[in-house]
Amino acid sequence: MQTRCFFLTDLLLCVILLTGCTGTGQEYHIGVSQCGAGRWREKVNSEMLAAQHLYEQHAKVSIACANDNTERQIQQIDSLVNSGIDLLVVAPNESAPIAEAIARVRKKGVPVVYFDRKATNDQYTAFIGGSNVEAGKTVANYVVDLGGRLVMEITGSMSTSPAQERHEGFAKVMAENPHLTYVCREADWSSDKACSIIEEQVKTGSIPDFVFCHNDGMATGVYKAVVELGLEGKVKIIGIDGLPGEGIEYVQFGHQEGSYIYPTHGEKIVKLALDILTGHPYERENVLQGMMVTPDNVNLVDLNSRELMEQNEHMITINNKLEEYFGMYNIQRKLLTGSLVTILLLIVAVVIAWRAYIQMLKNTRQRQSMNEEQTLFYTDPARRKIQQLLDTPEENLPAPRNQDTLFAERLNEAIRKHMSNPNIKMEDLGEEMGLGRVQLYRKVKAITGLTPVELLRKMRLQQAYVLLGNTTKTVAEIAYEVGFNTPGYFSKCFKEQYGKLPMDLRSEE
Ligand code: FRU
């Protein structure tokens, strides 16, 4: 019994555990709102996707891209939150216009992590990204070191924090170097705009020695213009992002004098999000380290970067396989839970059926013994008599009889029993009644007014009278049956008693 209980408890525990866990442990849904596309953002995205199962807690990363459209980004933020994400990671196309949408997210209790681009207010949970002031300064110092005269800066959209901060850092160093002529123009992260700006600048007659573009995308636009204007080699171009296959390659090819690696680290973004969601300690401001790629270090940086990218691709493959296994595991877990529940229900059903069967057996046995008792009761004359008495309504019960009546009844019975014996003695009759001969005489005389002998003869004749009327027996047969020694003496006594002969009684019929 105890083993059965343990088995059932174990089974129940298995079902609870199986239904309780998600199969991949706790999984947090992280929504990512990207302001736009491009190689740099693709890299961050792939790093975040590769890190979904990298940490103790699992993450499900869903990414929406607004293609540099602020309105679209606001819609995407709303729908990400409505889809039930646990945390929002956002790189705003423009920080100020999305502030209201972010307030709605926060109102729903969903934490918000800004990455790469900063918020215009304090309404965010954490920030993670490279130091853009630092990037601007590093590039500026590099330019100063190389020496030159006219330096031009082409900025990204000045409504974004990276552009503002890159400019801030760059302008600061320029200010410290008044021997340089410094020109700054805005190109909204657009390669074509950067191209036009350079063309216009060259048309003025003053050709810049250095052009610092806020990203490598705009740097390619500048390079294109420079080539077209026949100024290749004369105008040195520096960009930001430093991606393998893009900025790093341009430095390798000599198209650019340098590129600042603007760090991506998608895995760190996922880690920060999970730390927030799981209540682990985390830093509110998280600065990622960047570095300058120059012709001196470009090959080494290229090697490392490509290796990292390759590893990230392996991680994505592993991640996809993991997802596949989790899917399979979840199906198996559901099947197993279903089977365990079925077994549990079957056991319960068997136990119920078994109990019902045992109860049925008990009932049958009880009914059988009751039937037997009843049969016995009704077939046993003594019991039947009792039952008759029990069944008789009180008013119909026989009136209580006194001693004399009881004696008369017993005497009646005793005489009838011995009546056919012609030699019966009064002593025998007395003995049967538990009385002596004299006592019998007195008692019979007192009750009936007859002596025992007279009573015996009267009862013999009465019985004969009945038999004559109710049977076809002969007079002689009846005479012997009621205890007379001879039919003649019987006829004589009968005539004395009833005034006619037994034969006369027969012929009257
Ligand atoms: C990509 C990008 C990068 C740049 C960053 C600044 O969208 O333009 O090239 O470094 O954004 O936020």
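See the structure shown above.
Criteria and thresholds
Residues numbered from 1 in each chain as written. Predicted model: local features only at pLDDT ≥ 70, side-chain atom pairs only at ≥ 80, totals over all residues. Heavy atoms only, no water. Helix = DSSP H or I, 4+ residues; strand = E, 2+ residues; numbered from the N terminus. Rg over C-alpha atoms; globule rule 2.2 N^0.38 Å. Contact = heavy atoms within 4.5 Å. Areas by Shrake-Rupley, 256 points an atom, 1.4 Å probe, with all protein chains shown as cover. Axes fitted to C-alpha atoms, helices over the stretch in contact; angles between N-to-C directions. Parallel < 35°, antiparallel > 145°, perpendicular 65-115°, else oblique. Left-handed = near helix turned anticlockwise from the far one by under 90°. Nonpolar A, V, L, I, M, F, W, Y, C, P; charged D, E, K, R; others polar. Near = heavy atom within 4 Å. Polar contact = N/O pair within 3.5 Å; in protein donor to acceptor, adjacent residues only side chain to side chain. Pairing = 2+ DSSP bridges. Phe/Tyr/Trp six-rings, centres within 6.5 Å; stacked < 30°, edge-to-face > 60°. Buried < 20%, exposed > 50% of the residue type's maximum accessible area, 1.4 Å probe, protein only. Lys NZ or Arg CZ within 6 Å of the ring centre and 35° of its normal. Right-handed = clockwise from strand over helix to strand, strands pointing away. Core = buried A, V, L, I, M, F, W, Y, C linked by side-chain atoms within 4.5 Å. Arc of directions from axis to C-beta.

**Observations regarding the overall build of the protein**
The secondary structure content of the protein amounts to 19 helices and twelve strands. Taking 23 Å as the expected radius of gyration for a compact globule of 509 residues, we find that the protein reaches 62 Å, considerably beyond that expectation. Principal axes of the C-alpha set define a box for the protein whose edges measure 185 × 45 × 40 Å. Considering only contacts in the protein between residues 6 or more positions apart, those separated by 24 or more positions represent 70%. Only carbon and sulfur atoms are counted for the fraction: they give 54% of the accessible area of the protein, which is about 28,200 Å².

**Let's talk about the packing of helix 13 (residues 403–418) against helix 15 (residues 437–448)**
Closest axis-to-axis distance for the helix 13/helix 15 pair is 11 Å, and the angle between their directions is 110°. When the axis of helix 13 is compared with that of helix 15, the two are roughly perpendicular. When the axes of helix 13 and helix 15 are compared, the crossing they make is left-handed. Counted together, Asp 404, Phe 407 and Leu 411 of helix 13 and Leu 440, Lys 443, Val 444 and Ile 447 of helix 15 form the full contact between these two elements. Residues that form the contact of helix 13 with helix 15 fall into these classes: five nonpolar, no polar and two charged.

**Description of the site of the ligand**
Neighbouring the ligand are Arg 41, Asp 116, Arg 117, Pro 162, Arg 166, Trp 189, Asn 215, Asp 241 and Tyr 262. Arg 166 is positioned with one of its side-chain polar atoms (N or O) 3.0 Å from an oxygen atom of the ligand. Contact between the ligand and Asp 241: an oxygen atom at 2.5 Å from a side-chain N or O atom of the residue. Surface burial for the ligand is 92%, taken as the share of its 310 Å² of free accessible area covered by protein chains.

**Quick word on the sheet that holds strand 9 (residues 236–241)**
As summarised here, the arrangement of the six strands in space is 7-6-8-9-10-12, forming an open sheet in which the pairing is mixed. Of all strands in the sheet, those bounded by a partner on one side alone are strand 7 (181–186) and strand 12 (291–293). Looking at each pair of strands side by side, their axes are set apart by 20° on average, direction ignored. Pairing analysis gives four bridges linking strand 6 (residues 150–155) to strand 8 (residues 210–213), with the strands arranged parallel. Looking at the pairing, Ile 154 lines up with Cys 213 of strand 8.

**Considerations on the packing of aromatic side chains**
Per the stated rule, a full pass over the model turns up eleven aromatic pairs. Ring geometry for Phe 494 against Tyr 498: centres 4.8 Å apart, planes inclined by 50°, an arrangement best described as tilted. Of this pair, Phe 494 and Tyr 498 are both found in helix 18 (residues 487–498), four residues apart, which corresponds to roughly one turn of the helix. For Phe 494, a relative accessible area of 0% puts it in the buried group. Three or more aromatic residues link up through ring pairs in this structure, and these residues are Tyr 465, Phe 484, Tyr 489, Phe 490, Phe 494 and Tyr 498. Cation over ring: Arg 284 sits above Tyr 124, and NZ or CZ is 4.1 Å from the ring centre.

**Considering the pairing of strand 1 (residues 27–34)**
Successive side chains on a regular strand alternate, one facing one side of the sheet and the next facing the other. Judged by how many residues are buried, strand 1 sits mostly within the fold: seven of eight residues are covered. As judged from the eight bridges shared by strand 1 and strand 2 (residues 58–65), these two strands associate in the parallel manner. Following the sheet pairing, His 29 is matched in strand 2 by Lys 60. A crossover connection joins strand 1 to the parallel strand 2 through helix 2 (residues 39–50); in handedness this β-α-β unit is right-handed.

**Details of the nonpolar core**
Core analysis: the biggest nonpolar cluster contains 43 residues, and Ile 30, Leu 87, Val 89, Val 113, Phe 115, Val 139 and Val 270 have the highest contact counts within it. Element by element, the count of residues in this core is highest for helix 10 (residues 266–277), at seven residues. In this structure Val 139 touches Phe 170, Phe 212, Ile 238, Tyr 260 and Met 292, once residues within four positions along its chain are discounted. With 27 residues, the next largest nonpolar core counts Met 426, Met 433, Leu 456 and Leu 461 among its residues.

**Details of the packing of helix 16 (residues 452–470) against helix 18**
With their axes 10 Å apart at the nearest point, helix 16 and helix 18 run at an angle of 95° to one another. As the angle between them shows, helix 16 and helix 18 are arranged roughly perpendicular. Residues Arg 457, Lys 458, Leu 461, Gln 462, Ala 464, Tyr 465 and Leu 468 of helix 16 touch helix 18, and the partners they reach there are Tyr 489, Phe 490, Cys 493, Phe 494, Gln 497 and Tyr 498. Partitioned by chemical class, the residues of the contact of helix 16 with helix 18 number nine nonpolar, two polar and two charged.

**A short note on the sheet that holds strand 11 (residues 285–288)**
If you trace the six strands from one edge of the open sheet to the other, you get 2-1-3-4-5-11, paired in parallel fashion. Lying at the two open borders of the sheet, with one neighbouring strand each, are strand 2 and strand 11. Going from strand to strand, the sheet's axes swing by 20° on average, the running direction of each strand aside. The pairing of strand 3 (residues 87–91) with strand 4 (residues 112–115) spans three bridges and is classified as parallel. Bridged to Leu 88 within strand 4 is Val 112. Helix-sheet contacts for helix 2 involve strand 1, strand 2, strand 3 and strand 4, and the interaxial angle to strand 1 is about 175°. The strands touched by helix 3 (residues 70–82) within the sheet are strand 1, strand 2 and strand 3, with strand 1 carrying the most contacts at an inclination of about 170°.

**Structural notes on the environment of Thr 294**
Here Thr 294 is to be found in the loop between strand 12 and helix 11 (298–379). When the C-alpha atoms of Thr 294 and Gly 258 are compared, they prove to be 4.6 Å apart, with 36 residues separating the residues in sequence. Apart from residues no more than four positions distant in its own chain, Thr 294 is found in contact with Tyr 142, Val 251 and Glu 257.

**Section: helix 4 (residues 99–107)**
All of the buried residues along helix 4 are Ala 101, Ile 102 and Val 105. For helix 4, the angular spread of buried residues about the axis comes to 100°, placing them on one side. In helix 4, the exposed residues that point more than 90 degrees away from the buried face are Glu 100 and Lys 107. Buried positions along helix 4 lie against helix 3, strand 3 and strand 4. Note on helix 4: the residue one or two positions beyond its end, Gly 109, has a positive phi of about 80°.

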